[in-house]
Amino acid sequence: NAGVMQNPRHLVRRRGQEARLRCSPMKGHSHVYWYRQLPEEGLKFMVYLQKENIIDESGMPKERFSAEFPKEGPSILRIQQVVRGDSAAYFCASSPKEETQYFGPGTRLLVL
Amino acid sequence: GQQLNQSPQSMFIQEGEDVSMNCTSSSIFNTWLWYKQDPGEGPVLLIALYKAGELTSNGRLTAQFGITRKDSFLNISASIPSDVGIYFCAGQPLGGSNYKLTFGKGTLLTVNP
């Protein structure tokens, strides 16, 4: 049973470009969470989604950031017009219900 | 938001030594979780605690949910080189959403063979 998959593992963008991060949850998991980790910090909750629904986006910056989890395909975290401060590791987690979350390997975003 | 204070920030020990790290909060938590993160990877759940006073082991790892519900500790006995990594405490605060994890800043463990 494959774990949570994220791609790309590393992403380099120039300021002003768009970043699209993808997350495929574990098989049978319909709940997806995105967290951000700044250097030498713990993970910070961003958003919680179920299929086709955003349940809680209280941790997402109000501008430039969006997330979706369509009926088919992976969950996408989209960052428009990236700035240097967006450089971080972005982790996706999934769970079958609102219980134990299993994390993916993360996407390391570097904004030049 | 909720804050978790994790200590120590880093540890450098010899192989075979025991290790102890802890996490405290100013508010009550319903759940305490301990994760390990290897370089370039995501956090992996080690131990989950759901009741005050609960003491749970996973191999050489032992963790406890503090009686006050405001703290937890993790012990690693007889450390080995593959224990190297960053250990995070995380939890779900009382009255908060049961899916929104709050993380500490981590304890970086280095084991000298």
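Let me sum up the structure you'll find in this document. Since we're looking at a predicted model, the values are computed, not measured. (Residues numbered from 1 in each chain as written. Chains lettered and ligands numbered in written order. Predicted model: local features only at pLDDT ≥ 70, side-chain atom pairs only at ≥ 80, totals over all residues. Heavy atoms only, no water.)

Observations concerning the pairing of strand β5 (residues 43-50) of chain A
Residues and elements named next belong to chain A.
Stage number 1. Of all 8 residues making up β5, 6 are buried, and the element is well covered by its neighbours.
Stage number 2. With 7 bridges joining them, strand β4 (residues 31-37) and β5 adopt antiparallel strand pairing. Counterpart to Val 32 in the pairing with β5 is Leu 49.
Stage number 3. As paired strands, β5 and strand β6 (residues 53-56) are joined by 3 bridges and run antiparallel to one another. Within β6, the residue paired with Leu 49 across the bridge is Ile 54. (Buried < 20%, exposed > 50% of the residue type's maximum accessible area, 1.4 Å probe, protein only. Helix = DSSP H or I, 4+ residues; strand = E, 2+ residues; numbered from the N terminus. Pairing = 2+ DSSP bridges.)

Here we look at the nonpolar core
Stage number 1. Formed by 23 residues in total, the largest nonpolar core has its most connected members in A:Trp34, A:Met46, A:Leu77 and A:Tyr90.
Stage number 2. Secondary-structure elements contributing two or more residues to this core are β3 (19-24), β4, β5, β7 (65-68), β8 (75-79), β9 (88-95) and β11 (107-111) of chain A. (Core = buried A, V, L, I, M, F, W, Y, C linked by side-chain atoms within 4.5 Å.)

Concerning unusual backbone geometry
Stage number 1. Here A:Asn7 and A:Pro8 are connected by a cis peptide whose omega angle stands at -5°.
Stage number 2. Residue B:Pro8 is bonded to the preceding B:Ser7 through a cis peptide linkage, with omega at -5°.
Stage number 3. With respect to the element layout, B:Pro8 can be found in the loop between β1 (4-7) and β2 (10-14).
Stage number 4. Despite not being glycine, A:Gln81 has its phi angle at roughly 45°, a positive value.
Stage number 5. On the basis of relative accessible area, A:Gln81 is assigned to the exposed category, the value being 52%.
Stage number 6. The phi dihedral of B:Ala78 falls on the positive side, at around 45°, and the residue is not glycine.
Stage number 7. Following the sequence through the fold, B:Ala78 ends up in the loop between β8 (71-76) and β9 (85-93).
Stage number 8. Its relative accessible area of 37% is what places B:Ala78 among the partly exposed residues.

A closer look at the pairing of β8(B)
All names here are of chain B.
Stage number 1. Covered by surrounding structure in β8 are Ser 72, Leu 74 and Ile 76 only, the residues Asp 71, Phe 73 and Asn 75 on the alternate face being uncovered.
Stage number 2. In this sheet, β8 lies alongside strand β7 (residues 61-65) in antiparallel orientation, the contact comprising 5 bridges. Note on β8: the bridge partner recorded for Ala 63 is Leu 74.
Stage number 3. The hairpin formed by β7 and β8 contains 5 residues between the paired strands, and Arg 69 there has a positive phi angle of roughly 70°.

Considering the interface of chain B and chain A
Stage number 1. With 17 residues of chain B at the interface, the matching set in chain A holds 20 residues.
Stage number 2. Buried surface at the junction of chain B and chain A, both sides included, amounts to about 1,500 Å², of which 50% is carbon and sulfur.
Stage number 3. The shortest N-O distance in the salt bridge between A:Arg9 and B:Glu41 comes to 3.5 Å.
Stage number 4. Applying the counting rule to chain B against chain A returns 10 residue pairs in polar contact (both at pLDDT 80 or more).
Stage number 5. Looking at the side of chain B that touches chain A residue by residue, the class counts come to 8 nonpolar, 6 polar and 3 charged. (Contact = heavy atoms within 4.5 Å. Buried area = accessible area lost by both parts, 1.4 Å probe. Salt bridge = Lys/Arg side-chain N within 4 Å of Asp/Glu carboxyl O. Polar contact = N/O pair within 3.5 Å; in protein donor to acceptor, adjacent residues only side chain to side chain. Nonpolar A, V, L, I, M, F, W, Y, C, P; charged D, E, K, R; others polar.)

As for a nonpolar patch on the surface
All names here are of chain A.
Stage number 1. A contiguous nonpolar surface patch, about 240 Å² in accessible area, is contributed by Val 12, Leu 110 and Leu 112.
Stage number 2. Of note, Val 12 is situated in strand β2 (residues 10-13).
Stage number 3. Residue classification places Val 12 among the partly exposed positions, given a relative accessible area of 46%. (Patch = residues over 30% accessible without salt bridge, like charges linked within 9 Å, V, L, I, M, F, W, Y side chains within 5 Å. Areas by Shrake-Rupley, 256 points an atom, 1.4 Å probe, with all protein chains shown as cover.)

Notes on the environment of B:Pro81
Residue and element names in this part refer to chain B.
Stage number 1. With respect to the secondary-structure elements, Pro 81 resides in the loop between β8 and β9.
Stage number 2. As a C-alpha pair, Pro 81 and Ala 48 span 33 residues in sequence and 24 Å in three-dimensional space.
Stage number 3. Excluding its chain neighbours within four sequence positions, the residues that come into contact with Pro 81 are Glu 15, Val 111 and Pro 113.

Remarks on the state of the cysteines
Stage number 1. In total, this model carries 2 disulfides over all chains according to the counting rule given.
Stage number 2. With its sulfur 1.8 Å from that of its partner, A:Cys23 forms a disulfide with A:Cys92. Looking down the S-S bond of the A:Cys23 and A:Cys92 bridge, the torsion is -50°, so its handedness is left-handed. Taken together, the positions of A:Cys23 in strand β3 and A:Cys92 in strand β9 put the pair 69 residues apart, joining distant regions of the chain.
Stage number 3. Each sulfur in the disulfide pair B:Cys23 and B:Cys89 lies 1.8 Å from the other. In this pair, B:Cys23 sits in strand β3 (residues 19-25) while B:Cys89 sits in strand β9, placing the two residues 66 residues apart along the sequence. (Disulfide = S-S within 2.5 Å.)

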